[in-house]
Amino acid sequence: MIATQLAVASSTPESGKPLLSVRDLKAHFPIRRGLLQRTVGYVKAVDGVSFDVMPGECVGLVGESGCGKTTVGRTLLRLIEPTGGSCHFGGVDVFTAGGRVMQSLRQQMQIIFQDPAGSLNPRMRIASIIGEPMIVHGLVKDRNEVRTRVEETLERCGMPRAAADRYPHEFSGGQRQRIGIARALALNPRFIVCDEPTSALDVSIQAQILNLLTDLQRDFKLSYLFISHDMAVIQHMCARIAVMYKGKIVEEGTRDQIIGAAQHKYTQSLLSAVPETDPRRKRTRVVFEGGAM
């Protein structure tokens, strides 16, 4: 196991090279009809997506609901098997990896789910939810070390150490999301898919979670793929933005390029939908009819 982890770590990109490189990613789902459930077509949830994530970078993937954002994130981690394309993490092909290599990759690539309630096992105490991955990956020696690591991780994510002995239903939505972040952080990953981590939370709590994610990225030198439909959140978090529509990336660039000088009308439509904080200022609403790419 240790040798495998070292093999993956040794292929880490040098400075200036991507940590994660995705090329022509496809995820198609069959449409079945009739008594025999024959395949009559495919839903092309992701259809030829390519992008890079540099070490320590937060890349935003933004688009309307149903455009394929979440499918991209889950396919990269092989929670959904890809139909085509390639994904390399630290020089290792994620889609062909198996056995111990894949286990080592799973330690380094984590996800924060959108629904903080549905992503936590209601029958497990928080200590088990966060501690079990540490045991599976052999990062701890005994129960005392598990407990210490769990409490330290909870504290780093803004939760009291005593939370380890409680169940998920005993916490608010914001606290559950902090626990979900602690679980993702427990394995000391290098890359985290943030799948709309604030969309199910109150606005006041959203800011706290975003600030926590920013602090963790800085302190642990994490790389994020930040998925959201909210342009204001993406603008706050991400240095580079990719805009997704109907399974494809229609525009990509730096934050200034996308926010200040968007070229695609779909991107302009998303930006015009962001609420204006100053009631005296009026923003022209851009309507995207769809169809044109």
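Attention here is on the structure that accompanies the text. (Residues numbered from 1 in each chain as written. Predicted model: local features only at pLDDT ≥ 70, side-chain atom pairs only at ≥ 80, totals over all residues. Heavy atoms only, no water.)

The strand order across the open sheet built from 4 strands is β2-β1-β4-β5, with neighbouring strands paired in antiparallel fashion. Strand pairing shows two members of the sheet lacking a second neighbour, β2 (38-53) and β5 (92-93), which therefore form its edges. As defined by bridge partners, strand β4 (residues 84-89) adjoins β5 across 2 bridges and the pair is classed as antiparallel. Opposite H88, over in β5, you have D93 as the bridge partner. Helix α2 (residues 69-76) rests against β1 (20-33), β2 and β4 of the sheet, and its axis sits at about 110° to β1. (Pairing = 2+ DSSP bridges. Helix = DSSP H or I, 4+ residues; strand = E, 2+ residues; numbered from the N terminus. Contact = heavy atoms within 4.5 Å. Axes fitted to C-alpha atoms, helices over the stretch in contact; angles between N-to-C directions.)

Okay, the side chain of T198 next. Position of T198 relative to the elements: it lies in the loop between β7 (191-195) and α7 (203-220). Residue classification places T198 among the buried positions, given a relative accessible area of 5%. In this structure T198 touches Q206, I209, L210 and V233, once residues within four positions along its chain are discounted. (Buried < 20%, exposed > 50% of the residue type's maximum accessible area, 1.4 Å probe, protein only.)

A separate point is the packing of helix α6 (residues 173-185) against α7. Between two packed helices, the angle of one axis relative to the other and the distance separating the axes together describe the packing. Across the interface, α6 lies against α7 with an axial gap of 10 Å and an inter-helix angle of 15°. If you check the angle between α6 and α7, you find them roughly parallel. The two elements α6 and α7 meet at a crossing, and its hand is right-handed. Here G174, Q177, R178, I181 and L185 of α6 lie close against α7, whose contacting residues are I205, Q208, I209, L212, L213, L216 and F220. Of the residues contributing to the contact of α6 with α7, the split by class is 8 nonpolar, 3 polar and 1 charged. (Parallel < 35°, antiparallel > 145°, perpendicular 65-115°, else oblique. Left-handed = near helix turned anticlockwise from the far one by under 90°. Nonpolar A, V, L, I, M, F, W, Y, C, P; charged D, E, K, R; others polar.)

Once that is clear, we can look at the packing of helix α4 (residues 126-136) against α6. The geometry of α4 relative to α6 is characterised by a closest axis approach of 8 Å and an angle of 25° between their N-to-C directions. By the angle between their directions, the pair α4 and α6 is classed as roughly parallel. When you trace α4 past α6, the crossing you get is right-handed. Residues I126, I129 and I130 of α4 form the contact with α6, whose own contacting residues are I179, A182 and R183.

This next bit is on unusual backbone geometry. A positive phi is found at D24, a non-glycine position, where the angle reads about 50°. Positionally, D24 belongs in strand β1. On the basis of relative accessibility, which here comes to 38%, the residue D24 falls in the partly exposed class. A positive phi is found at N188, a non-glycine position, where the angle reads about 55°. Structurally, N188 is set in the loop between α6 and β7.

Here the focus is the pairing of β2. Sheet topology places β1 next to β2; 12 bridges connect them, and they run antiparallel. Counterpart to R33 in the pairing with β2 is R38. Turn length for the β1-β2 hairpin, with the two strands adjacent in sequence and antiparallel, is 4 residues, and the turn residue G34 shows positive phi of about 85°.

Below, the discussion takes up the nonpolar core. Within the largest apolar cluster, 51 residues are counted, with the highest numbers of intra-cluster contacts made by I130, L154, Y224, F226, M237 and V243. Sequence-distant contacts of F226, that is, excluding residues within four places in its chain, are made with C58, V59, G60, L61, C194, P197, L210, L213, V233, I234, M237 and C238. With 31 residues, the next largest nonpolar core counts V53, F89, V94 and V193 among its residues. (Core = buried A, V, L, I, M, F, W, Y, C linked by side-chain atoms within 4.5 Å.)

Any empty space left between atoms is shown by rolling a water-sized probe over those atoms. Considering only enclosed or pocket space, the largest pocket measures out at about 440 Å³ in volume. Lining the largest pocket are 18 residues; nearest its centre among them are Q110, I111, F113, P133 and R183. For the lining of the largest pocket, the elements supplying multiple residues, two or more each, are β6 (109-112), α4 and α6. Ranked by the residues each element gives to the lining of the largest pocket, the list is headed by α4, at 4 residues. Of the pockets and cavities examined, the second largest pocket occupies roughly 210 Å³. Forming the boundary of the second largest pocket are M124, A127, S128, G131, E132, I135, R143, V146 and R147. Classifying every residue of the lining of the second largest pocket gives 4 nonpolar, 2 polar and 3 charged. (1 Å grid on protein atoms, 1.4 Å probe; cavity = no way out; pocket = protein on both sides within 12 Å on 5 of 7 lines; lining within 4 Å. Points joined across faces, edges and corners; volume = space filled by probe spheres on them.)

Here the focus is the side chain of Q177. Looking at where Q177 falls in the secondary structure, it is placed in helix α6. Taking the relative accessible area as the measure of exposure, Q177 reaches 1% and is therefore buried. Setting aside residues up to four positions removed in sequence, Q177 forms contacts with I112, F113, Q114, P116, P197, L201 and I209.

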